[in-house]
Number of protein chains: 2
Amino acid sequence: MRWEPGSRSRLQEAALALYGERGFENTTVAEIAERAGVTERTFFRHFTDKREVLFWGAGALQELLVDAVAGAPDSAAPIDAVAAALAAAAALFEQRREGSMLRQDIITANTELRERELIKLAALASGLADALRRRGVEDPAASLTGEAAIAVFKVAFERWVDTTNRLTLTQLIRDSFDELKAVTAATSPPAH
Amino acid sequence: MRWEPGSRSRLQEAALALYGERGFENTTVAEIAERAGVTERTFFRHFTDKREVLFWGAGALQELLVDAVAGAPDSAAPIDAVAAALAAAAALFEQRREGSMLRQDIITANTELRERELIKLAALASGLADALRRRGVEDPAASLTGEAAIAVFKVAFERWVDTTNRLTLTQLIRDSFDELKAVTAATSPPAH
DNA sequence: TGGCCGATGTCAGTTGCTGACATCACCATA
DNA sequence: TATGGTGATGTCAGCAACTGACATCGGCCA
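What this report covers is the structure whose coordinates are included nearby. (Residues numbered from 1 in each chain as written. Chains lettered and ligands numbered in written order. Predicted model: local features only at pLDDT ≥ 70, side-chain atom pairs only at ≥ 80, totals over all residues. Heavy atoms only, no water.)

## A few points about the packing of aromatic side chains
Any aromatic ring pair is given by two values, namely how distant the centres are and how the planes are angled relative to each other. Residues and elements named next belong to chain A. Where we set the bar: Each aromatic pair joins two rings of Phe, Tyr and Trp (for Trp, the six-membered one) with centres within 6.5 Å, and gets the label stacked for planes under 30 degrees apart, edge-to-face for over 60, and tilted for any other angle. Geometrically, a charge over a ring is one whose NZ (Lys) or CZ (Arg) sits within 6 Å of the ring centre while staying within 35 degrees of the ring normal.
Applying the stated criterion to the full structure yields 16 aromatic pairs over all chains. Taken together through their ring pairs, the aromatic side chains of Phe-43, Phe-44, Phe-47 and Trp-56 make up a single cluster. When the ring centre of Phe-55 is taken as reference, the NZ or CZ atom of Arg-103 above it lies at 5.2 Å.

What follows is the structure in structure tokens.
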């Protein structure tokens, strides 16, 4: 074989390590490539972006969520379908708590990376909304349910990586869902 | 005077025009600067970024929202406080429907700009959450209410710029709030 | 065996963005 | 009125992200 196989995963590992050591901004694509034993050009053939290398798993996550919504029982209300999807996703993260935290530290430390994270989350939200529409949910409801689910996930995930917290992500997601329900239900002066 | 004053707003106008004409990616900062009668370097003194020039108003919007939450009556529930804030913001957009739509078309046409928009919205969400905490709202509730408000705003705004829609933004926001309440309340199998 | 294909390398070029330093109208104050 | 400081701009050099075009060559299929 002319080259070592798996250059993509080597690039991912190299990038994660370097971003962790010296930070995202102080890392050069050339350095990542060198560490992975390839050329800078090869990096950009595998990842559109210097940022994208950290978000390779997003596609699989989206698939998982969409499938979970599609597979929810017909009797399940939209909010319950997305709740089930988030529960499935949570299990995936729980398996790699350490890795998730390291990665998240890198992301939250840099604005550009947070931007990229947000657009991935937005894609998840609209993926969920699509899946709900396929179940016959009408449009304003579908979009809002998707957005609400992602909001819950964001808040729960943030609490989860906060090390002072000993709760499981699954539990935190459940709590956040309940809290969202409570908060949207409570209204002192009549709404309109 | 040595230079024409208002170079910042000239840069904004030039950028908006050029982004609209030939698209964001096909526009060079040098071109914007030339059109505004300044140097490329001056552009970057006013805006950190090629993107940021489109988001100059975000600060004012954030201030408006935060003030509205702070100014809501003590009796108002969190969800009602943020609803009032969004209503105030809506009025601001209604005044410039044309401009808002033009700007939004530019943003939605480009991924980098959508990323920037999302991080601005995220900042609004956490600004709202902060304002709620200052009113004594506890933390998971505060964050979730902020996120929920932004979710409502996103969905409502998207529908508003959709020209087939004749409804007012204020009305769409109210509807979206109601829809969110309905969606979070509906749950067929007991949640847990 | 020959030829196509896919992954990589090489190289030149554009553009976003930054740091360092110069300029010069304007303003305050002696 | 002279003097010196300040703020907004210009000039210039340079790095790093990203792209397009073309070359290379091992492996696989006909």
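## Regarding the relation of the copies chain A and chain B
The criterion, for reference: Least squares is the method for superposing the copies, and the C-alpha atoms it fits come from residues with pLDDT of at least 70 in both. By the convention used here, residues are in contact when the closest approach between their heavy atoms is within 4.5 Å.
Superposition record for chain A on chain B: RMSD 0.1 Å, screw rotation 180°, translation along axis 0.0 Å. Between the two chains, the operation in question is that of a two-fold axis. Looking at the rotation axis and the C-alpha trace of chain A, the residue lying nearest is Glu-115 of chain A, at 2.7 Å. A shared binding surface is used by both copies, with 100% of the interface residues of chain A retained as interface residues in chain B.

## So, the protein's contact with DNA strand D
Just so we agree on the cut-off: What makes a residue near a molecule or strand is one non-hydrogen atom of that residue sitting within 4 Å of it. Two N or O atoms form a polar contact when they lie within 3.5 Å of each other; inside protein one atom must be a possible hydrogen donor and the other a possible acceptor, and for residues adjacent in sequence the pair counts only when both atoms belong to side chains. Secondary structure elements are taken from DSSP: a helix is a run of H or I of four residues or more, a strand is a run of E of two residues or more, and numbering for both begins at the N terminus. Each residue is assigned to one class: nonpolar for Ala, Val, Leu, Ile, Met, Phe, Trp, Tyr, Cys and Pro, charged for Asp, Glu, Lys and Arg, and polar for all the others, Gly among them.
What surrounds DNA strand D is a group of 20 residues, the closest being Arg-2 and Arg-41 of chain A together with Ser-7, Thr-42 and Arg-45 of chain B. Looking at DNA strand D alone, sugar and phosphate atoms form 59% of those within 4 Å of the protein. One of the side-chain N or O atoms of Arg-2 of chain A is found 2.6 Å from a sugar or linking oxygen in DNA strand D. Note that a phosphate oxygen of DNA strand D is positioned 2.8 Å from one of the side-chain N or O atoms of Thr-39 of chain B. Listing elements by their share of the surface near DNA strand D, those giving two or more residues are helix H3 (40-46) of chain A together with helix H3 (40-46) of chain B. Of the residues that constitute the surface near DNA strand D, the class distribution is five nonpolar, seven polar and eight charged.

## Notes on the environment of Ala-30 of chain B
All names here are of chain B. Put simply, the rule reads: Whether a residue is buried, partly exposed or exposed follows from its accessible area with a 1.4 Å probe, protein chains only, as a fraction of its type maximum: under 20%, in between, or over 50%, in that order.
Its place among the elements puts Ala-30 in helix H2 (residues 29-36). For Ala-30, a relative accessible area of 34% translates into the label partly exposed. In this structure the C-alpha to C-alpha distance between Ala-30 and Thr-145, which are 115 residues apart in sequence, comes to 42 Å.

## Considering the protein's contact with DNA strand C
If you check the shell around DNA strand C, you find 20 residues, and the closest are Ser-7, Thr-42 and Arg-45 of chain A together with Met-1 and Arg-2 of chain B. Sugar plus phosphate: this is where 58% of the atoms of DNA strand C within 4 Å of the protein reside. Between DNA strand C and Thr-27 of chain B, the relevant distance is 3.5 Å, taken from a phosphate oxygen to a main-chain nitrogen or oxygen of the residue. Residue Val-29 of chain B places a main-chain N or O atom 3.4 Å away from a phosphate oxygen belonging to DNA strand C. Elements represented by at least two residues in the surface near DNA strand C include exactly H3 of chain A together with H3 of chain B.

## A look at the interface of chain A and chain B
Using the following cut-off: Buried surface area refers to the total accessible area, computed with a probe of radius 1.4 Å, that the two partners give up upon joining, counted for both partners together. When a carboxyl oxygen of Asp or Glu is within 4 Å of a side-chain nitrogen of Lys or Arg, the pair counts as a salt bridge.
Taken together, the contacts link 39 residues of chain A with 39 residues of chain B. Carbon and sulfur atoms supply 66% of the area buried between chain A and chain B, which totals about 3,400 Å² over both sides. Put simply, chain A and chain B have six salt bridges between them. Glu-115 of chain A is the partner of Arg-116 of chain B in a salt bridge, and the nearest nitrogen-oxygen pair spans 2.5 Å.

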